[in-house]
Amino acid sequence: MYKNRGLIDLADEVKSQRSALLVLGCPQVPVQTSIALYLIHRLRQAGISPVVAGNRSAVTLLVVADPKRHYLGETLDLDRAIDQITEKKRDFDLCFVFIHNDAGVSYAATMGVISKARLYAIIYGEHYDKIVSSIEFPCINIAANAVHNPMPLKKMLDEVAPWAV
Amino acid sequence: MGCIESLPYEVIMRGGSFKECRDYVRKQFRESLDVQPGFKIFDTHIIGVPPISIGLDGDFVIFPFTKPCHGTFLLRVEDKAEADRLRKRK
């Protein structure tokens, strides 16, 4: 009886584990890879399962930086992730879109429409303030002037602490 | 998105913002329709800030195509079947 109860609890726990999608942008701005790994770490600590979607270069930067996958879990091709979410085959509790250009804004707006996830826009790069002002759809902005040094963006991320919500 | 890249497309605008592409479609083409992100065009889910404007010019379909590293391109593809399908949604 007790044993069965334990199995049911475990099943409920697995079922209820929250998940997060990290949508990477073009990796030309150095802070992206660093902040993505940090965010993955914080999400894991909070019991949230992170999945990373990006183009081949963006994902490969993470795979090479974390060869034993201490932090990195599942990775997805960006187009495949969009397909799965749009076709309602998959969704996430949280979604973080990395933005440093107009394309990133388009991806964030898309996620806001196709996914039910709580949407966070992680905005960085030298034109971060212009990008912030161009976002007119509902999302939580985490923004900083960060190009090479990830600390201003890390500080903003820690202040918002999306893993604690 | 692989299928879009294999189409015989013509680039009408490159390096513009998503909004510039939308404004261009609305100004330059008498026929257009607005769709939401995720709408399928040429068997690909379209990316963008809603509403996404798609232009129609005879058998040509004009639509934005976004890549993370290259921004948004406005493409023109001749495809009567797709143009007819989109026209029916107007």
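Predicted, not measured: the structure shown is a model, and the values here were computed from it.

K.L.:
Tell me what's going on with the overall build of chain A, and back it up with residues and numbers.
P.N.:
Within chain A one finds 7 helices and 6 strands. Each helix and strand of chain A, ordered N terminal to C terminal, gives the series α-β-α-β-α-β-α-β-α-β-α-β-α. In summary, chain A has a C-alpha radius of gyration of 16 Å against a globular reference of 15 Å for 165 residues, a match within 12%. Seen along its three principal axes, the alpha-carbon backbone of chain A occupies a region of about 60 × 30 × 30 Å. Taking all 165 residues of chain A together, 50% fall into the buried category. Put simply, 62% of the contacts in chain A that link residues at least 6 apart link residues at least 24 apart. As presented, chain A carries roughly 8,500 Å² of accessible surface, and 53% of it is formed by carbon and sulfur atoms. When the 18 basic and 17 acidic side-chain charges of chain A are each reduced to a single mean position, those positions are 7 Å apart.

K.L.:
Can you tell me about the sheet that holds strand β1 (residues 19-23) of chain A, naming the residues and giving the values?
P.N.:
All names here are of chain A. The strand order across the open sheet formed by 6 strands is β3-β2-β1-β4-β5-β6, and the pairing between neighbours is parallel. Since the sheet does not close on itself, it has two edges, and those belong to β3 (74-77) and β6 (140-143), each with one partner. Taken pair by pair, the neighbouring strands of this sheet meet at an average axis angle of 20 degrees, ignoring direction. Bridge analysis of strand β5 (residues 118-123) against β6 gives 4 bridges, and the strand direction is parallel. Its bridge partner being in β6, A121 is matched across the sheet by N141. Across the face of the sheet, helix α4 (residues 78-86) comes into contact with β1, β2 (49-54) and β3 while running at roughly 90 degrees to β3. On the sheet, helix α7 (residues 151-160) packs against β5 and β6 and is oriented at approximately 145 degrees with respect to β6.

K.L.:
Quick rundown of the environment of I99 of chain A? Include the residues and the values.
P.N.:
All names here are of chain A. Tracing the chain through its elements places I99 in strand β4 (residues 94-99). Taking the relative accessible area as the measure of exposure, I99 reaches 0% and is therefore buried. Once the C-alpha coordinates of I99 and P138 are considered, the two residues, 39 residues apart in sequence, prove to be 15 Å apart. Residues in contact with I99, not counting those within four places in the same chain, are G104, V105, A108, A121, I122, I123, Y124, I131 and I135.

Conventions used here
Residues numbered from 1 in each chain as written. Chains lettered and ligands numbered in written order. Predicted model: local features only at pLDDT ≥ 70, side-chain atom pairs only at ≥ 80, totals over all residues. Heavy atoms only, no water. Helix = DSSP H or I, 4+ residues; strand = E, 2+ residues; numbered from the N terminus. Rg over C-alpha atoms; globule rule 2.2 N^0.38 Å. Buried < 20%, exposed > 50% of the residue type's maximum accessible area, 1.4 Å probe, protein only. Contact = heavy atoms within 4.5 Å. Areas by Shrake-Rupley, 256 points an atom, 1.4 Å probe, with all protein chains shown as cover. Lys, Arg positive; Asp, Glu negative; His and termini not counted. Charge placed at Lys NZ, Arg CZ, Asp CG, Glu CD. Pairing = 2+ DSSP bridges. Axes fitted to C-alpha atoms, helices over the stretch in contact; angles between N-to-C directions.

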